[in-house]
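This is what each chain is made of:
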Amino acid sequence: MNYSGTLKISVLFRAQQRSRKVAHSVQRFIFVKMAGNENEMGRLLSGTAISKEIMKNLSDDVQDMSHKLANFKPGLAIVQVGGREDSNVYIRMKLKAALEIGIHAEHIKLPNTTTQIELLSTVRKLNNDPHVHGVIVQMPLDSVHKIDSHLITDSVSPVKDVDGLNTINEGKVAIGDLSGFMPCTPNGVMELIRRSGISIVGANAVVLGRSKIVGTPAAELLKWANATVTVCHSKTKNIEEIVSRADIVVVGIGVPLFVKGSWIKKGSVVIDCGINSIPDSTKKSGQRLVGDVDFNEAKNNASFITPVPGGVGPMTVAMLMKNTVISAKKSLDKLLSTSWDIVPLPLTIKTPVPSDIEIAHSQTPKDINDLASEIGLLPGEVIPYGNTKAKISLSVMDRISNQQTGNYVVVAGITPTPLGEGKSTTTLGLVQALVSQKKKNAIACVRQPSQGPTFGIKGGAAGGGYSQVIPMEEFNLHLTGDIHAVTAANNLLAAQIEARMFHEATQKDKGLFNHLVPLVRNKRAFSKCQIRRLEKLGIGKRDPDSFTDEEIKQFVRLDFDPSTISWNRVIDTNDRFLRKITIGQSPTEKGFTRETSFSIAVASEIMAILAIASDLKDLKDRLARIVVALNKNGDPITADDLGATGAMAVLLKDAIQPTLMQSLEGTPVLVHAGPFANIAHGCSSIIADKIAMNLIGPAGFVITEAGFGSDIGMEKFFDIKCRSSGMIPNAIVLVTTIRALKMHGGGPPVVSGLPLKKEYVEEKLNCLQRLVNLYNVNGILFSSDTASECELIRNASIEAGAVDAVVCKHWAEGGMGALGLANAVITSCEKSSSFRFIYDLEDSLLKKIEKVAIEMYGAATVSMSELVKNKLESLQKQGFGNLPVCMSKTALSLSGDPLLKGVPEGFDLPVTDVYLSAGAGFVVVMIGEISKMPGLPTRPAIYDIDIDPNTGVIEGLF
């Protein structure tokens, strides 16, 4: 029977049998019947038809992925060097296929002048782009420069190598590990062979050609499918005889019509991978395409044979799309996964507990890239600073923005002694317990410590004992330079203030205008920040040469009132002699002197901005809003008026990225920002918390810290940080020590640098009972105190309504010592809570101050001078009345008097000054004298800090 057309048929082939049965097939096979007799020979394996079916399934897979995660789409990047037309044809085919199934494909065209370095740079960027799941570098490379194509294919990340040409993926195929990406043409060949129905197991397969792209990997795939494989090449003898014994023939040698029909064994399957152009006068083009097999002869002996074109070619494209979809699925699964494969570091506990630095040096940290991978960060999102710390790129925020968030826990403390009570230690111990003991996803978010306390009295802030950040010396010193960046940005703005005042005082309007808007290449133009100033002034002109004298004056004169300048220089060192200085004493400043001062770097408003910004744009907007002074009309002068916004943002471009470190047990720690807790809001950054919340998954925990006592750090955490971030904590851990409770219960003063009195090292229940009668404590207690003392406080805490009160031993035992706390936190987070702010933003500034003083501190009244009241009214009128208030007071008492201990009642809270931090977004309320520049004591910690010149090991930090 002859067939005048083609017919698609579903057929079930039994293994090891050649008979055909039309039935409901276990596997679908698509072929085309050749015109001719009814025997089993010459059936066409249509790559076009099979690829359409594959593409339809891939399209369904892409739609399923978008349902799992909104806006998720597989991404494919095709890099082309030069403009060869044959490459253009192939690329158009790939782009068309990608569009058909819903893959976002990008064609990156590079000129033929592209160098190897430039091409490698392009590939690296694509490797690090989380939206790109497949990378192809189109071969051949059409460049006037010599480029190593093998180096280029190996530069494509193995997890994005959808062409399957990276040596790692090729090597996997060679050893039978098919978990990587298989080369597209050989993979398509295997699919065609499977569709023929022939049993590959035990079949005699012959592969003609040993190219890296087709022959060699095709032979390996057939071998691992349990065929007996022979590879023939240009040096092989008796090729005809070898081919004639083959059940499966795969040909890819690039020689037209090389394999003759007489070579083909009856009933064999022939896959022709070649495509060649030969002369044909019957064609309009004078050419026709043929394969490496003489199709017209071979079809009479082969049971199945692929056509050229329409055979292997469409399958290659289909397999490329399949690899891209597989890569995207893996990326999506990783993105949606909430489980970490994190391996804690074991602790070797010693008794008595050694010094902090000795413990830190006894532990070998994980490589930071390994930790980053464990918590779900991609290589392109991690910027290593050595092998123990790394910046996290803000690009991760976009990638994980749709992730479900987990539990948000804040660690605060009771009003401390001058020695501190262990919030950082508890934060780290809790995370170590959650990760290493409870197998929960958990991240600690802490502030970067200032070098002031590190070299002063208090020491470092890495935690302590067996619950600390490592390497602790790197954490406590320069880290990744964020504080230095804040210092540079702050002092740049300070320098611009003085310079602008000097130039306004020494130049006339037009001269100043010509300097501010200079002629460059015979043209004047305003910069971006100058255009913003014009908009602020209501000047619509953009041609500098069209300005009137009055418009020039408006533009160039900021007209500072020097007495209102509030912006100080900063340095990250305790230096009491910088508390008041005189600047401008050089003769070159022409007598323009001014009294000013230095603050410690972490007291800079820029540090507060860094901690409260939500992204780089928000950072720039907040920097622009910084008010540095008033003009002589009483209007605010901002950093943007001074043109400093962009330059400061550039200095902070790395500082805005959180730093990833680890605890002693190898659990993740995000270190970011360090605003002064009594001057600013004293919390680590919103950016770090948000990244952590999206990384942990819905069942995980972010443990963040609020500086100083609950009256300062926790109140500001709620009323400032939570308002800005929109994140509300699920639980609060309140840290206390028996030492602090004894002090507030009537014990003698605790003085930094002096030994503790006997009341603090011996059991004194009367001191504790006195405090319990005044203040119902909900806290976490340290085990260095006696069992009776701990039990007294624990019972009082439970009676006062705490979810739990846990005696913790994490300082001495690490995560195991905080297991009870971890259990309590998990239980607490499972319960609902009704959070509320102390005040509403609509309240007046005065009302906000009163609410915090009365409800949080227990004050009876708030007092302030008429001058302070006038400042509050002025801020209200200027539109700043809807900002939160940042109370700046002593951390050593609930009142404004550091000597008033316990839980005082009926006291007056004296407000001595208020000032605006417009960039940070709050109004600072000063309670008494709070120094922004600490001083060094008689014997600072610097006496003990040293470095071994032989080993480079740092000594004496604590």
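Per chain, the residues get numbers from 1 upward, laid out in the order the sequence is written. Since the coordinates come from a predicted model, pLDDT governs what is reported: local features require at least 70, and pairs of side-chain atoms require 80 or more to be given and counted, while whole-chain, interface and lining totals use all residues. Only hydrogens and water are removed before side-chain values are computed, so all heavy atoms of the structure are retained for them.

**Student:** Describe the environment of N300, with residues and values.
**Tutor:** Looking at the element boundaries, N300 is found in the loop between α9 (295–298) and β13 (304–305). Sequence-wise, N300 and G42 are 258 residues apart; in three dimensions their C-alpha atoms are separated by 5.6 Å. If we skip the residues at most four places from it in the chain, N300 touches M41 and K266. Each helix is a run of H or I in the DSSP string that is no shorter than four residues. Each strand is a run of E no shorter than two, and both are numbered from the N terminus. By definition, residues are in contact when any of their heavy atoms lie within 4.5 Å.

**Student:** Go over the pattern of salt bridges, please, and point to the residues and values.
**Tutor:** Any carboxyl oxygen of Asp or Glu within 4 Å of a side-chain nitrogen of Lys or Arg constitutes a salt bridge here. Under the counting rule described, the total for this entry stands at 39 salt bridges. Each of E53, E191, R194 and R195 takes part in a single network of salt bridges with overlapping partners.

**Student:** Pulling in residues and values, what's your account of the sheet that holds strand β35 (residues 913–917)?
**Tutor:** At least two DSSP bridges between two strands are required for those strands to pair. Strand order in this open sheet of three strands is β33-β36-β35, and the pairing throughout is mixed. Edge positions in the open sheet fall to β33 (885–888) and β35, since each of these has one partner strand only. On average, adjacent strands in this sheet sit at an angle of 25° to one another, irrespective of strand direction. Here an angle of 0 to 180 degrees is reported between the N-to-C directions of two axes, which are lines fitted to C-alpha atoms, with helices fitted over the stretch in contact. Contacting β33 and β36 (922–926), helix α25 (residues 710–725) runs over the sheet at an angle of about 160° to β33. Sheet contacts for helix α31 (residues 845–857): β33 and β36; angle to β33, the most-contacted strand, approximately 55°.

**Student:** Outline the packing of aromatic side chains, supporting the account with residue identities and numerical values.
**Tutor:** Geometry of aromatic contacts follows a simple scheme: Phe, Tyr and Trp rings, the Trp one being its six-membered ring, pair when their centres are within 6.5 Å, and the pair is stacked under 30 degrees between planes, edge-to-face over 60, tilted otherwise. All told, the structure shown has eleven aromatic pairs when counted by the stated rule. When the centroid spacing of 5.9 Å and the interplanar angle of 80° are considered together, the rings of F513 and F555 count as edge-to-face. Here the residue F513 occupies a position in helix α18 (residues 509–516), and F555 occupies one in helix α20 (residues 549–556), the gap between them amounting to 42 residues. With respect to class, F513 is no different from F555; both count as buried. Put simply, the rings of Y408, F717, F718, F835 and F837 pair up and form one aromatic cluster. The criterion is that NZ of a Lys, or CZ of an Arg, lies within 6 Å of the ring centre and within 35 degrees of the ring normal, and then a charge sits over that ring. If you follow K330 out to its NZ or CZ, it ends over the ring of F181, 5.4 Å from the centre. For every residue, the accessible area obtained with a 1.4 Å probe (protein chains only) is divided by the maximum for its type, and the residue is called buried under 20%, exposed over 50%, and partly exposed between those limits.

**Student:** Go over the nonpolar core, please, and point to the residues and values.
**Tutor:** Counting 183 residues, the largest nonpolar core has I193, I271, M321, F560 and V628 as the members making the most contacts within it. Among all residues touching I193, those that are not within four sequence positions of it are I198, I200, L222, I248, V250 and I271. Counting 26 residues, the second-largest nonpolar core is a separate cluster that includes V868, F880, A918 and I927. Among buried residues, those of type Ala, Val, Leu, Ile, Met, Phe, Trp, Tyr and Cys that are joined through side-chain atoms within 4.5 Å constitute a nonpolar core.

**Student:** Outline the sheet that holds strand β9 (residues 248–251), supporting the account with residue identities and numerical values.
**Tutor:** Pairing is parallel across the open sheet formed by six strands, whose spatial order is β3-β13-β10-β9-β7-β8. Bordering the open sheet on either side are β3 (43–44) and β8 (228–232), each of which pairs with just one other strand. Across two bridges, the pairing between strand β10 (residues 269–272) and β13 is parallel. Residue V269 lies in a different strand from β13, and its bridge partner there is F304.

**Student:** Describe α31, listing the residues and the values that go with them.
**Tutor:** Here, expected helix span is obtained from the residue count minus one, scaled by 1.5 Å. For α31, spanning 13 residues, the distance from its first C-alpha to its last is 17 Å, which sits close to the expected 18 Å at 1.5 Å a residue. Taken as a whole, α31 has its buried residues at L845, K848, I849, V852, A853 and Y857. Considered in projection along α31, the buried side chains sweep an arc of 130° and stay on one side of the axis. Residues of α31 that are buried make contact with α25, β32 (861–864), α32 (866–880), β33, β34 (908–911) and β36. Where α31 terminates, the next one or two residues include G858, which has phi positive at roughly 90°. By arc we mean the arc of the directions from the helix axis to the C-beta atoms, nothing more.

**Student:** Outline the pairing of strand β11 (residues 276–279), listing residues and values.
**Tutor:** Side chains of β11 alternate between two faces, with N276 and I278 buried and S277 and P279 left unburied. Pairing of β11 with strand β12 (residues 287–290), which is carried by four bridges, proceeds in the antiparallel orientation. The partner of P279 across the bridge, within β12, is Q287.

**Student:** Please set out the packing of helix α24 (residues 686–696) against α25 residue by residue, giving values where relevant.
**Tutor:** When two helices pack together, their arrangement is given by the angle between the helix axes and by the axis-to-axis distance. Contact pair α24 / α25: the axes reach a minimum separation of 10 Å and the direction vectors enclose 55°. Taken together, α24 and α25 sit at an angle that is classed as oblique. Between α24 and α25 lies a crossing of right-handed hand. Taking contact as the criterion, the partners of I686, D689 and K690 in α24 are, on α25, K721, S724 and S725. Here the contact of α24 with α25 is built from residues that sort into one nonpolar, two polar and three charged. Working definition: roughly parallel below 35 degrees, roughly antiparallel above 145 degrees, roughly perpendicular at 65 to 115 degrees, and oblique for all remaining angles. Each crossing gets its hand from how the near helix is turned against the far one by less than a right angle, where anticlockwise is left-handed and clockwise is right-handed. Classification convention: Asp, Glu, Lys, Arg as charged; Ala, Val, Leu, Ile, Met, Phe, Trp, Tyr, Cys, Pro as nonpolar; all other residues, Gly among them, as polar.

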